[in-house]
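Chain by chain, the residues run as shown.
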Amino acid sequence: MSPELKALFEPKSVVVLGASELMGEDSLYAMFFRFIVGNFSKFKGKVHIVDLSGKLEGSEKKPNRAPRDRDLAVVVLPKELLEKNLPKLLTRKVRALILVSGDLEKKQEEGLSNLVKRKKLLLLGPNAAMGVINTANGLMATAAREPIIRRGHLAIITQDSSIAAMMLDRVHFHNAGISKFACTGEGLGVDETDLLEYLVRDKETNAICICINSLKNGRRFVEVIRETVKEKPVMVLKASPRLEGVFEAALRQAGALLTENIGELIPIAEGLIKQPPMRGNRIAIATNFPGQAILAARYLSEAGLEIATPSNETAKKITKKYPSVRIKGFVDLGATAKASHYKFVIEQLLSDEGVAGVMVINAIRSSLLESEDLCEIAEVAKKSNDKPVIDVVTCDEDYAIAREILADTKLPAYDRIENGARALKMHNLRWKMLEKLKQK
Amino acid sequence: MFLGVSMTAEKRKVTEIINLVQNEGRRELLELEGKQVLAAWGIPVNRTELAKNLEEAVRIAREVHYPLVIKIASPNILHKSEAKGVKVGIASELELRQAFNEVVNNARAYNPNANILGVTIQEYLPPAREVVVGGLQDPSFGATVMFGLGGVWVEVLKDVSFRLAPLSAEDAREMIQEIKGYPVLAGTRGAPPADVDALVDIIQKVGQLMHEFPEIAELDINPVFAFQSGKGAVAADARIVLGEKK
């Protein structure tokens, strides 16, 4: 039975309990508390701050004097202060609890479990410093330091706090759009499977990333994944080398897309939202950067894909309109190509039967390509509903430009050809998985 | 009828064997018992019968036909080859008489306290590609199946694939195809392909068995002889270990 997670992600009112001034080791919790309080500035519901140090402006000092009915409580105390103050806070009704406190003694954990049962409380944690984010209502119940998160359609589930912090960093770096985010910490209450069950029904979420360090009930996890992948792609990051053999096989069997590469997780998952599954493995390449495109054959082949040379008919159409375009396996548009060239060429490639997907490989600053051109290329990508189009921008400065401009478009941007190739491979695996479902 | 639910004949037979082993306080099935489980479950096994003494061995051998294989049968000797308790390709009664005594003496030397039940007389299988099919109850994922090529492929190269059980025929086929050594089965250098369909069937049945009998902690069929396409596959050994009785 999965608990109803609404109170965790969609609370109307929140109470945050902590202490803003603590010394020595405990000062970590003072820092977390201040970060979390700061992150509540954009929350659309009510927030009530309880600061045991009595320093924060507008805060209450006593936990039992908070308003009557709270959906969510966030508790940010070192374990020594927890035993006294948590029960006081819970004298008033609370539905869900995010427990940032960590390193609990065995006895404390048991006490916590009993409390959770008695109060019918939804617990996230302990050790869940990275907490919960919901971009739809501005909820940022997280101890990350002023995270910058765009609203979008990708949901992220993590167990370990450091992986969670890396995920938030990557989300920002790739300018990805997030719907929901949660870190289960020790997973004493809500676990990754509960979160998955909630997210499969979440209308804001179109793809889900899960970072797994360990699994208690693998069987239930894969059963929920099996149901989820019918609705939306699920990518699983294997965050511990101990997870192999049965783990990998079981997740693949259930239809999850697996990776060990933390760097590719976010961009590929977002790419799966933006572009359709890919029916075959033949990739056409359109480029203004032939020196890089020439490497593509190798990377595609490592991903089990191959270069699709345009058919004679397609080639003729292209060179008739743009005689300067060179076709040598890939389509070289030349450094002076503008959006109009790209649009025409990509459209021709997409209507070529021998092409399953299109990889655009761009240089920006060493060509005549402008930001507006990228947006126009993205327009072509938006119209393609059965063949994915992706953009690979291999120069780092260029990639920084592309990820800004393309963030709100339907054209996924990758920073390396190998990452683009791996992404297209995932589009292909997603297609195969959906086909398999259709047959059943 | 069992708890108001009727058990299939196969399930009843397997339950019977497991109960018998548990009642004797054993956790590991004899090869013969393991093969009885597999056979009851519809997995082809080579004919295997227990001979308690030499006279029985000679009589059974006439029915099984030469050449044949004999293996020591003792609940205390699990690694039969290590105990020099296996003889392959016995072609005549004379050879059988010699081999019987030799195998029994070897076993006594290997473990003087072993309870020796006799030897199993087994149908000799012509050479084939050897594969391994296994099953394991995973603490997190429950019933799983494993597939690999026999010998060095599994032991040294760890070239194996896994799936959760029960599994579809398509999953079983993918399991076979995803090991690196698959070309060996598909047929290389002019060799005809092995009977992959028969292997798919065995893998699926092992999966079903592991799923229906959580009390089977481990199962190993090593080797399965995979004959040419259309000629089937046969379990030539069976090792089944039961979990702690709850």
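What counts and what doesn't
- Residues numbered from 1 in each chain as written.
- Chains lettered and ligands numbered in written order.
- Predicted model: local features only at pLDDT ≥ 70, side-chain atom pairs only at ≥ 80, totals over all residues.
- Heavy atoms only, no water.
- Helix = DSSP H or I, 4+ residues; strand = E, 2+ residues; numbered from the N terminus.
- Rg over C-alpha atoms; globule rule 2.2 N^0.38 Å.
- Buried < 20%, exposed > 50% of the residue type's maximum accessible area, 1.4 Å probe, protein only.
- Contact = heavy atoms within 4.5 Å.
- Areas by Shrake-Rupley, 256 points an atom, 1.4 Å probe, with all protein chains shown as cover.
- Lys, Arg positive; Asp, Glu negative; His and termini not counted.
- Charge placed at Lys NZ, Arg CZ, Asp CG, Glu CD.
- Salt bridge = Lys/Arg side-chain N within 4 Å of Asp/Glu carboxyl O.
- Polar contact = N/O pair within 3.5 Å; in protein donor to acceptor, adjacent residues only side chain to side chain.
- Nonpolar A, V, L, I, M, F, W, Y, C, P; charged D, E, K, R; others polar.
- Pairing = 2+ DSSP bridges.
- Axes fitted to C-alpha atoms, helices over the stretch in contact; angles between N-to-C directions.
- Domains from an automatic or database assignment.
- Buried area = accessible area lost by both parts, 1.4 Å probe.
- Core = buried A, V, L, I, M, F, W, Y, C linked by side-chain atoms within 4.5 Å.
- Disulfide = S-S within 2.5 Å.
- Right-handed = clockwise from strand over helix to strand, strands pointing away.
- Patch = residues over 30% accessible without salt bridge, like charges linked within 9 Å, V, L, I, M, F, W, Y side chains within 5 Å.

### Remarks on the overall build of chain B
Inference 1: The helix and strand inventory of chain B stands at 8 helices and 10 strands.
Inference 2: Relative to a compact globule of 246 residues, whose C-alpha radius of gyration would be 18 Å, chain B shows 18 Å and is just as compact.
Inference 3: Across its three principal directions, the C-alpha atoms of chain B cover 55 × 50 × 30 Å.
Inference 4: Counting all 246 residues of chain B, 48% fall into the buried class.
Inference 5: For chain B, restricting intrachain contacts to residue pairs at least 6 apart in sequence, the fraction spanning at least 24 positions comes to 63%.
Inference 6: Accessible surface, chain B as shown: approximately 12000 Å² in total, 52% of it carbon and sulfur.
Inference 7: Charge-centre separation for chain B: the mean point of 27 positive side chains lies 3 Å from the mean point of 32 negative side chains.

### Focus: the overall build of chain A
Inference 1: Secondary structure assignment for chain A yields 16 helices and 19 strands.
Inference 2: Compactness check: chain A gives a C-alpha radius of gyration of 25 Å against a globular reference of 22 Å for 440 residues, within 12% of the reference.
Inference 3: Once the C-alpha set of chain A is aligned to its principal axes, its extents read approximately 80 × 45 × 35 Å.
Inference 4: Across the 440 residues in chain A, those meeting the buried criterion constitute 58%.

### Remarks on the interface of chain B and chain A
Many structure descriptions define interface size as the accessible area lost when the parts assemble.
Inference 1: Taken together, the contacts link 15 residues of chain B with 15 residues of chain A.
Inference 2: The tally of links between chain B and chain A comes to 2 salt bridges.
Inference 3: Note that B:E174 is salt-bridged to A:K436, the shortest N-O span being 3.2 Å.
Inference 4: Linking chain B with chain A are 10 residue pairs in polar contact (both at pLDDT 80 or more).
Inference 5: Residue composition of the side of chain B that touches chain A, by class: 7 nonpolar, 3 polar and 5 charged.

### Topic: the sheet that holds strand 4 (residues 118-123) of chain B
All names here are of chain B.
Inference 1: Reading across the sheet, the 4 strands line up as 1-4-2-3 and stay open at both edges, with antiparallel pairing between neighbours. Edge positions in the open sheet fall to strand 1 (48-51) and strand 3 (86-90), since each of these has one partner strand only. Across the sheet, the mean angle from the axis of one strand to that of its neighbour is 25°, orientation sign disregarded.

### As for helix 3 (residues 54-64) of chain B
All names here are of chain B.
Inference 1: Taken as a whole, helix 3 has its buried residues at L54, E56, A57, V58, I60, A61 and V64.
Inference 2: Structurally, helix 3 contributes buried residues whose contacts are with strand 1, strand 2 (68-73), helix 4 (93-110) and strand 4.
Inference 3: Where helix 3 starts, the residue carrying a side-chain oxygen 3.3 Å from the main-chain nitrogen of E55 turns out to be N53.
Inference 4: H65 occupies a position one or two residues after helix 3 and carries a positive phi of about 80°.

### So, the domain arrangement of chain B
Residues and elements named next belong to chain B.
Inference 1: In terms of domains, chain B is made up of domain 1 (1-46 + 126-246) and domain 2 (48-123).
Inference 2: A buried area of about 860 Å², summed over both sides, lies between domain 1 and domain 2, and 53% of it is on carbon and sulfur atoms.
Inference 3: Linking domain 1 to domain 2 there are 4 salt bridges.
Inference 4: One salt bridge in this structure joins K80 and D237, with 3.9 Å as the shortest N-O distance.

### Digging into the nonpolar core
All names here are of chain A.
Inference 1: In terms of nonpolar packing, the biggest core is built from 82 residues, with L8, V16, V74, I225 and L251 touching the most fellow members.
Inference 2: No other element matches the 6 residues that helix 2 (residues 27-39) contributes to this core.
Inference 3: Per-domain counts for this core show at least three residues from each of domain 1 (1-124) and domain 2 (148-274).
Inference 4: Leaving out residues up to four positions away in the same chain, V74 has contacts with V14, V15, V16, L17, I36, F40, I98, V100 and A141.
Inference 5: Residues A144, L257, I283 and M426 belong to the second largest nonpolar core, which totals 50 residues.

### Some words on the pattern of salt bridges
Inference 1: Applying the stated criterion across every chain yields a total of 45 salt bridges over all chains.
Inference 2: For the salt bridge of A:R151 with A:E204, the shortest nitrogen-to-oxygen distance reads 3.1 Å. Placement of A:R151 in strand 8 (residues 150-158) and of A:E204 in the loop between helix 6 (192-200) and strand 10 (207-212) is noted, with a sequence separation of 53 residues between them.
Inference 3: A salt bridge links A:E197 to A:R220; the shortest N-O distance between them is 3.4 Å. You can see A:E197 sitting in helix 6 and its partner A:R220 sitting in helix 7 (residues 218-228), a full 23 residues away along the chain.
Inference 4: The network of salt bridges with shared partners includes A:K436, B:R163, B:D171, B:E174 and B:E178.

### Side note on the state of the cysteines
Residue and element names in this part refer to chain A.
Inference 1: In total, this model carries 0 disulfides over all chains according to the counting rule given.
Inference 2: Left without a disulfide partner, C375 is nearest to the cysteine sulfur of C395, which lies 19 Å away.
Inference 3: C375 sits in the partly exposed class, given a relative accessible area of 32%.

### Considering the pairing of strand 18 (residues 389-393) of chain A
All names here are of chain A.
Inference 1: Of all 5 residues in strand 18, 5 are buried; the element is thus mostly enclosed.
Inference 2: On strand 18, burial covers both faces: V389, D391 and V393 on one face and I390 and V392 on the other are all buried.
Inference 3: The sheet contact formed by strand 17 (residues 357-362) and strand 18 spans 5 bridges and is parallel. The residue bridging I361 from the neighbouring strand is V392, located in strand 18.
Inference 4: Running through helix 14 (residues 371-383), the crossover from strand 17 to the neighbouring parallel element strand 18 is right-handed.
Inference 5: Pairing geometry for strand 18 and strand 19 (residues 413-414), over 2 bridges, is parallel. Following the sheet pairing, D391 is matched in strand 19 by A413.
Inference 6: Tracing the backbone out of strand 18, into helix 15 (residues 396-405) and back to the parallel element strand 19 gives a crossover that is right-handed.

### A closer look at the environment of B:L78
Residue and element names in this part refer to chain B.
Inference 1: With respect to the secondary-structure elements, L78 resides in the loop between strand 2 and strand 3.
Inference 2: Assessed through its relative accessible area of 41%, L78 is described here as partly exposed.
Inference 3: Distance in space between the C-alpha atoms of L78 and L29 is 9.5 Å, their sequence separation being 49 residues.

### Quick word on the environment of A:E376
All names here are of chain A.
Inference 1: Tracing the sequence through the fold places E376 in helix 14.
Inference 2: Judged by its relative accessible area of 34%, E376 is partly exposed.
Inference 3: Residues E376 and S340, spaced 36 residues apart in sequence, show a C-alpha to C-alpha distance of 8.2 Å.
Inference 4: Discounting chain neighbours no more than four positions away, the residues touching E376 are A339 and K343.

### A look at a positive patch on the surface
Inference 1: A cluster of basic residues, A:K55, A:K61, A:K62, A:R65, A:K84 and A:K88, forms a positive patch on the protein surface.
Inference 2: By the element assignment, A:K55 lies in the loop between strand 2 (46-51) and strand 3 (70-76).

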